Amino acid sequence: MTLQSVLDEIAQRPGAGERIQIINPATEELIADFADGGAEAVNEAVDRARASFDSGVWSHLPGNERAKVLWRVADLIDQHAADLAEIDSFNTGMPYMQANMITSTCAEMFRYYAGWCTKLEGIAHDVQQTGGITGAFSNMHAYTLKEPYGVVGLIFPWNGPIFNFCAKLAPSLAAGCSSVVKPAEETPLSALLLVRILQRAGIPEGVVNLVTGYGHTAGAALAEHPGVDKIAFTGSTEIGKRIVQASAGNLKRVTLELGGKSPVLIYDDADLGMATTMASMGIFIHSGQGCICGSRIFAHRKVYDQVVESVATMADSVQLGGPKDENAMIGPLISEKQLGRVMGYIDEGKRDGVEVVTGGHRLDRRGYFVHPTVLTDVDPGMRLYQQEIFGPVVAVLPFDDDDEVVAQANNSDYGLAATVWTRDISRAHRLAKRIQSGTVTLNCQMVFDHSMPFGGYKQSGWGYEWGRAGVESYLQTKTVYAQL
Ligand code: NAD
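Residue positions are given per chain, counting from 1 as you read along its sequence in written order. Predicted model: local features are reported for residues with pLDDT of at least 70 only, side-chain atom pairs are reported and counted for 80 or more only, and whole-chain, interface and lining totals are derived from all residues. Heavy atoms from the whole structure form the basis of all side-chain values; hydrogens and water molecules are not counted.

- For the protein chain, an unreviewed UniProt entry supplies the name Betaine-aldehyde dehydrogenase and the organism Mycolicibacterium rhodesiae.
- UniProt positions are given in the numbering used here, feature names are shortened, and annotations may be inferred rather than shown by experiment. Note on the protein chain: under the UniProt heading Sequence similarities (unreviewed entry), the record states "Belongs to the aldehyde dehydrogenase family."

Here it is in structure tokens:
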């Protein structure tokens, strides 16, 4: 029922641009098509956002009142969890169970940031300086105010549509910002339902404004719009660089959550059963379409053969299928384009002499399914080793000692996530210090907590989401000096 109603709604969204097709990745069938909103929709949305921000209807609402509304959003997300999960699994092809798990974290995200609404405080200070002009004044104090940036543009990809939306929206609302939101053109459906939820929860008119369209039209117009104060972007490093360039016109603040090529280190003293299971899930889950997927596994030479065999066995045993296949653990790639990209990397590897231990081909069925793929004999100079594939493809490489594996792990332009499996706890913490990565997990993988910051080193990002850092990224600091 709700799925049908969002399908009806998307088909009627206004826009003069070309019609964009939404394809079911598990069946290759047309789900719906909708008009590209383009620059015109962005201009209107920015005007609405600016009017709402300047009116103070949300930005000046006391923190405890904002908090109550965010709690209502969370409760309504819980109430509609099944609908949201159904829409996202249908649209992305991911198993329903997985979509359901992701949706439940969205409600918690709103509850977490509801707590911050009443804690956005600055500092107070007795002015100590005696020299210069300041010294001419006596009995002074100073304090800081935390103020919302204003109108923020939220742009995110298709790999976890509702999660990516909430990860940006909840802290931006807690900070008091108004927003213009552009989901990925492949997966705009759950955003429509979330916007209805926001209205029911009492988010005032004009505070959150949805624009649907392509990245190179609507997204680009948002990134360069002079009326936008900040862009919070999640997506590829390539587009992240374009966002930075487009933002230069009015020196927008920019935060970026970008790609990764995450290393997983497995030592010979690790719990190998757990390590290889998690390392396999850590790359094959969601068909490798996760920013933190561990796409390079480094196995100590003593256990290298065992690790390759275990990961290959997992690759062959996980069940692939669409949202309606009850036993499916892994869904398809999002699009024909993504399929072509992933197969392109695999074919290039084959030409370069990489050994395909298992996989390396698409499934002989409808849908953009690629058999989970394990590669060995991958050279660090290869694109396969260096570039983010965003597919179910892992390279397994041997190592002999800490220095060697740290150098290999850090041999990347990316630095998003890393994992170490070893029973030597001191070594684990030493490695956590040496690996250049925004997140390091020790004897666990794919774990997160909304209260901890998440962000990338090197070309994996700018700034942080989640935790205090997440809400602070939507706030600017004003310093006030006063003579008493
Ligand atoms: P993408 O960069 O192609 O697109 C992301 C979003 O940007 C989409 O909404 C798209 O429409 C928009 N966009 C495209 N061109 C644009 C432009 N010129 N100006 C403004 N917006 C534009 O990314 P993708 O292929 O859709 O998603 C996969 C990427 O996202 C991977 O690189 C993955 O690692 C990354 N990702 C990162 C995180 C993280 O938290 N670090 C999380 C999820 C995904």
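Comments concerning the environment of Ser473
In step 1: Secondary structure elements are defined from DSSP: runs of H or I of at least 4 residues count as helices, runs of E of at least 2 residues count as strands, and each element is numbered from the N terminus. Counting through the fold element by element, Ser473 comes out in the loop between α16 (467-472) and β20 (475-483).
In step 2: Between the C-alpha atom of Ser473 and that of Ala124, which follows or precedes it by 349 residues, the distance is 21 Å.
In step 3: Not counting chain neighbours up to four residues away, the residues in contact with Ser473 comprise Tyr149, Lys230, Thr255 and Tyr464. Whether two residues are in contact is decided by their heavy atoms: any pair within 4.5 Å suffices.

Points about the environment of Gly160
In step 1: Mapped onto the elements, Gly160 comes out in the loop between β5 (151-155) and α6 (161-175).
In step 2: In this structure, the C-alpha to C-alpha distance between Gly160 and Thr92, residues 68 residues apart in sequence, is 8.1 Å.

Quick look at the domain arrangement of the protein chain
In step 1: An automatic or database domain assignment supplies the residue ranges for each domain. When the domains of the protein chain are assigned, the result is domain 1 (3-258 + 460-483) and domain 2 (263-449).
In step 2: For domain 1 versus domain 2, the distance between C-alpha centres works out to 31 Å.
In step 3: Facing the 22 residues of domain 1 at the interface are 28 residues of domain 2.
In step 4: Both faces combined, the contact of domain 1 with domain 2 buries some 2,000 Å², and carbon together with sulfur accounts for 59% of it.
In step 5: When residues of domain 1 are sorted by the area they lose upon contact with domain 2, Glu28, Trp158 and Ser460 head the list and together hold 28% of the total.
In step 6: In the sections that follow, a salt bridge refers to a side-chain nitrogen of Lys or Arg positioned within 4 Å of a carboxyl oxygen of Asp or Glu. Inspection of the region where domain 1 meets domain 2 yields one salt bridge.
In step 7: Between Glu28 and Arg362 there is a salt bridge; the shortest N-O distance is 3.3 Å. When two components associate, each loses some accessible surface as probed by a 1.4 Å sphere; the sum of these losses over both components is called the buried area.

What about the pattern of salt bridges?
In step 1: Summed over the entire model, instances satisfying the criterion amount to 21 salt bridges.
In step 2: Put simply, Asp75 and Arg111 hold a salt bridge, and the shortest N to O gap is 2.8 Å. Linking Asp75 in helix α3 (residues 63-79) with Arg111 in helix α5 (residues 96-116), this pair joins segments that are 36 residues apart in sequence.
In step 3: Partly exposed describes any residue whose relative accessible area lies between the buried limit of under 20% and the exposed limit of over 50%, with all areas from a 1.4 Å probe on protein chains only and scaled to the type maximum. The exposure class of Asp75 is partly exposed, given its relative accessible area of 37%.
In step 4: According to the relative accessible area criterion, Arg111 is buried, its value standing at 14%.
In step 5: Note that Asp269 is salt-bridged to Arg427, the shortest N-O span being 3.4 Å. Here Asp269, found in the loop between β10 (263-266) and α10 (272-284), pairs with Arg427, found in helix α15 (residues 425-434); they are 158 residues apart in sequence, far enough to count as distant.
In step 6: Through salt bridges with shared partners, a single network forms among Asp75, Asp78, Glu108 and Arg111.

Points about the UniProt feature "domain: Aldehyde dehydrogenase" (unreviewed entry) in the protein chain
In step 1: Residues given the UniProt feature "domain: Aldehyde dehydrogenase" (unreviewed entry) here are residues 16-480.
In step 2: Helix makes up 40% of residues 16-480 and strand makes up 20%, while its end C-alpha atoms are separated by 47 Å.

A look at the packing of α3 against α5
The relative placement of two packed helices is expressed as an angle between their axes plus a distance between the axes.
In step 1: For every element, the axis is a line fit to its C-alpha atoms; helices are fit only across the contacting stretch, and the angle between N-to-C directions ranges from 0 to 180 degrees. For the pair α3 and α5, interaxial distance at closest approach is 8 Å and the crossing angle is 170 degrees. Looking at the two axes, α3 sits roughly antiparallel to α5. Judged by residue contacts, Ala67, Leu70, Trp71, Val73, Ala74, Asp75, Ile77 and Asp78 of α3 engage Thr103, Cys106, Ala107, Phe110, Arg111, Tyr113 and Ala114 from α5.
In step 2: For this scheme, ten residues count as nonpolar: Ala, Val, Leu, Ile, Met, Phe, Trp, Tyr, Cys and Pro. Four count as charged, namely Asp, Glu, Lys and Arg, and the remainder, Gly too, count as polar. Its residues assigned to classes, the contact of α3 with α5 comprises eleven nonpolar, one polar and three charged. Should an angle lie under 35 degrees it is considered roughly parallel, over 145 roughly antiparallel, and from 65 to 115 roughly perpendicular; all remaining angles are considered oblique.

Concerning the sheet that holds strand β4 (residues 140-148)
In step 1: The pairing criterion for strands is at least two bridges between them, as found by DSSP. With antiparallel pairing, three strands are arranged side by side in an open sheet as β3-β4-β20. Each having just a single partner strand, β3 (124-126) and β20 make up the two edges of the open sheet. Each neighbouring strand pair of the sheet contributes to a mean axis angle of 20 degrees, computed without reference to strand direction.

Brief notes about the sheet that holds β5
Think of a sheet as strands paired side by side through backbone hydrogen bonds, with each pair either parallel or antiparallel.
In step 1: Pairing is mixed across the open sheet formed by six strands, whose spatial order is β7-β6-β5-β8-β9-β19. Among the strands making up the open sheet, the edge pair consists of β7 (208-210) and β19 (461-462).
In step 2: In the sheet, strand β8 (residues 230-234) pairs with strand β9 (residues 253-257) via five bridges, with the strands oriented parallel. For Thr234, the partnering residue across the bridge sits in β9 and is Glu257.
In step 3: Running at roughly 160 degrees to strand β6 (residues 178-182), helix α2 (residues 38-55) makes contact with β5, β6 and β7 of the sheet.
In step 4: The sheet contacts of helix α9 (residues 237-247) involve β5, β8, β9 and β19, and relative to β9 the element is tilted by about 180 degrees.

Focus on the UniProt feature "active site" (unreviewed entry) in the protein chain
In step 1: The feature "active site" (unreviewed entry), as given by UniProt, occupies Glu257 in the numbering adopted here.
In step 2: With respect to the helices and strands, the residue Glu257 is situated in strand β9.
In step 3: Other than its neighbours up to four places away in sequence, Glu257 contacts Lys168, Phe233, Thr234, Gly235, Phe454, Gly455, Gly456, Ser460, Gly463, Tyr464 and Glu465.

A look at helix α7 (residues 189-201)
In step 1: In a helix, the anticipated span is given by 1.5 Å times the number of residues less one. End to end, α7 covers 19 Å across 13 residues, agreeing with the expected 18 Å (1.5 Å per residue, within 8%).
In step 2: Burial runs high along α7: ten of the 13 residues are buried.
In step 3: All buried positions along α7 are accounted for by Leu189, Ser190, Ala191, Leu192, Leu193, Leu194, Val195, Ile197, Leu198 and Ala201.
In step 4: At the C-terminal side of α7, Gly202 shows a positive phi close to 105 degrees.

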